[in-house]
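An overview of the molecular structure
Chain by chain, the residues:
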Amino acid sequence: MADETPPVDEMHYEQLAQDALRGVIRSALELAAGPSGIPGAHHFYITFKTRAPGVGVPPDILAKYPDDMTVILQHQYWDLSVDADRFSVMLKFGGMPKVLNVPYSAVTRFYDPAVQFMLQFEAPETIEELVAEAAETTPPDDGDDDGPKVISLDQFRKK
């Protein structure tokens, strides 16, 4: 029996499916941003990675939620703006209004408990993880490159 190499998914169907499901979140938020707000008893629990690329969270909120956080959109939210790749919303934390900017790619869970509807996504890489990966793939400096050299002038001075 011959070893067969598994087929390579050059279409990236898993990513396409994740993107399509994130479109469900966008559509739900578009309804919520409309003049009538969130209809009926619906409300949204949205969990996202606070250090994912493109996330904009005030520093004090980031310090309190360094990995991920869940926000609830129900009665008290303001200025919900829905774009093709992200949403922004103003919420109050400790009575103080704060604006959060969240790309859909940072969302790990969307839940509407009124109808028991939930979408769950793989966690995106954080900025720190991306930087660490870049550092791992950068070749080490072995001193044999043809780049500029720093030479001490002390060796050329008269003593």
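Residues numbered from 1 in each chain as written. Predicted model: local features only at pLDDT ≥ 70, side-chain atom pairs only at ≥ 80, totals over all residues. Heavy atoms only, no water.

1. Thoughts on the environment of Asp 85
Heads up, the rule is: Comment: elements are numbered from the N terminus, with helices defined as DSSP H or I runs of at least four residues and strands as E runs of at least two. Residues are treated as being in contact if the distance between any of their heavy atoms lies within 4.5 Å.
Of note, Asp 85 is situated in the loop between strand E3 (78-82) and strand E4 (86-93). The sequence separation of Asp 85 and Tyr 104 amounts to 19 residues, and the corresponding C-alpha distance is 6.0 Å. If we skip the residues at most four places from it in the chain, Asp 85 touches Pro 103 and Tyr 104.

2. Details of the confidence of the model for the chain
Heads up, the condition is: Every residue carries a pLDDT, the predictor's confidence in it, which falls somewhere between 0 and 100.
When pLDDT is averaged along the chain, the result is 86, and 84% of the positions lie at 70 or above. Taking the mean pLDDT of every element in the chain, the minimum, 71, falls on helix H3 (residues 127-137) and the maximum, 97, on strand E1 (residues 44-49).

3. Here we look at a negative patch on the surface
Heads up, the rule is: The patches reported here contain residues having more than 30% relative accessible area and no salt bridge. Joining distances are 9 Å for like charges and 5 Å for nonpolar side chains (Val, Leu, Ile, Met, Phe, Trp, Tyr). For accessible areas, the Shrake-Rupley method is used with a probe of radius 1.4 Å. Any residue's cover is judged against the shown protein chains and nothing else. By definition here, a salt bridge exists when the distance from a side-chain nitrogen of Lys or Arg to a carboxyl oxygen of Asp or Glu is within 4 Å. Charge counting follows a simple rule: Lys and Arg are positive, Asp and Glu are negative, and His as well as the terminal groups are ignored. In this description, the location of a charge corresponds to atom NZ of lysine, CZ of arginine, CG of aspartate or CD of glutamate.
Residues Asp 9, Glu 10, Glu 14 and Glu 122 make up a contiguous surface patch of negative charge. Looking at the element boundaries, Glu 10 is found in the segment before helix H1 (13-33).

4. Regarding unusual backbone geometry
A negative phi angle characterises most non-glycine residues, just as the trans form characterises most peptide bonds. The following threshold applies: The cut-offs for exposure are 20% and 50% of the maximum accessible area for each residue type, with area from a 1.4 Å probe on protein chains only; residues under the lower value are buried, those over the upper are exposed, and the others partly exposed.
The backbone of His 12 sits at a positive phi, close to 60 degrees, despite the residue not being glycine. As for its placement among the helices and strands, His 12 is situated in the segment before H1. Despite not being glycine, Gln 116 shows a phi value in the positive range, around 55 degrees. Positionally, Gln 116 belongs in the loop between strand E6 (107-112) and strand E7 (117-120). Using a relative accessible area of 59% as the deciding quantity, one classes Gln 116 as exposed.

5. Let's talk about the pattern of salt bridges
Within the structure shown, the criterion is met by 3 salt bridges. Of the charged contacts in the structure, one is a salt bridge between Lys 49 and Asp 67, with a shortest N-O distance of 2.9 Å. One end of the pair, Lys 49, is in strand E1; the other, Asp 67, is in the loop between helix H2 (59-64) and strand E2 (68-73), and 18 residues separate them in sequence. You can call Lys 49 buried: its relative accessible area is 11%. The exposure class of Asp 67 is partly exposed, given its relative accessible area of 40%.

6. As for the sheet that holds E7
To be explicit about the condition: Think of it this way: DSSP has to see at least two bridges between two strands before they count as a pair. To obtain each axis, a line is fitted to C-alpha atoms, and for helices this fit is confined to the stretch in contact; angles are then taken between N-to-C directions over 0 to 180 degrees.
Strand order across the open sheet formed by 4 strands is E2-E1-E6-E7, with antiparallel pairing between neighbours. Here the strands that pair on one side only, and so sit at the sheet edges, are E2 and E7. In this sheet, neighbouring strand axes are inclined to one another by 10 degrees on average, regardless of whether the strands run parallel or antiparallel. Inspection of the sheet shows E1 paired to E2 by 6 bridges, in the antiparallel sense.

7. Some thoughts on the packing of aromatic side chains
Geometry of an aromatic ring pair is reported as the spacing of the ring centres plus the angle between the planes. Going by this rule: Two rings belonging to Phe, Tyr or Trp (six-membered ring only in the last case) form a pair when the distance between their centres is within 6.5 Å. Interplanar angles under 30 degrees mark stacking, angles over 60 mark edge-to-face geometry, and anything in between is tilted. Only lysine NZ and arginine CZ atoms are considered, and such an atom sits over a ring when it is within 6 Å of the ring centre and within 35 degrees of the ring normal.
Across all of its chains, the model carries 3 aromatic pairs by this definition. Considering the side-chain rings of Phe 44 and Phe 110, the 5.1 Å spacing of their centres and the 40 degrees angle between planes classify their relative orientation as tilted. On the criterion of sequence distance, the pair formed by Phe 44 in strand E1 and Phe 110 in strand E6 is long-range, its members being 66 residues apart. As far as burial versus exposure is concerned, Phe 44 and Phe 110 are alike and both buried. Sitting over the face of the ring of Phe 121, Arg 22 holds its NZ or CZ atom 4.2 Å from the ring centroid.

8. Focus on the nonpolar core
Basically, it comes down to this: What we call a nonpolar core is a set of buried Ala, Val, Leu, Ile, Met, Phe, Trp, Tyr and Cys residues that are connected through their side-chain atoms within 4.5 Å.
Leu 29, Phe 44, Ile 46, Phe 48, Leu 73 and Phe 87 are the most contacted members of the largest nonpolar core, which totals 29 residues. The element best represented in this core is H1, accounting for 4 residues. Not counting the four nearest positions on each side in its chain, Phe 48 is found in contact with Val 55, Val 57, Asp 67, Asp 68, Met 69, Val 71, Leu 100, Val 102, Ala 106, Val 107 and Thr 108.

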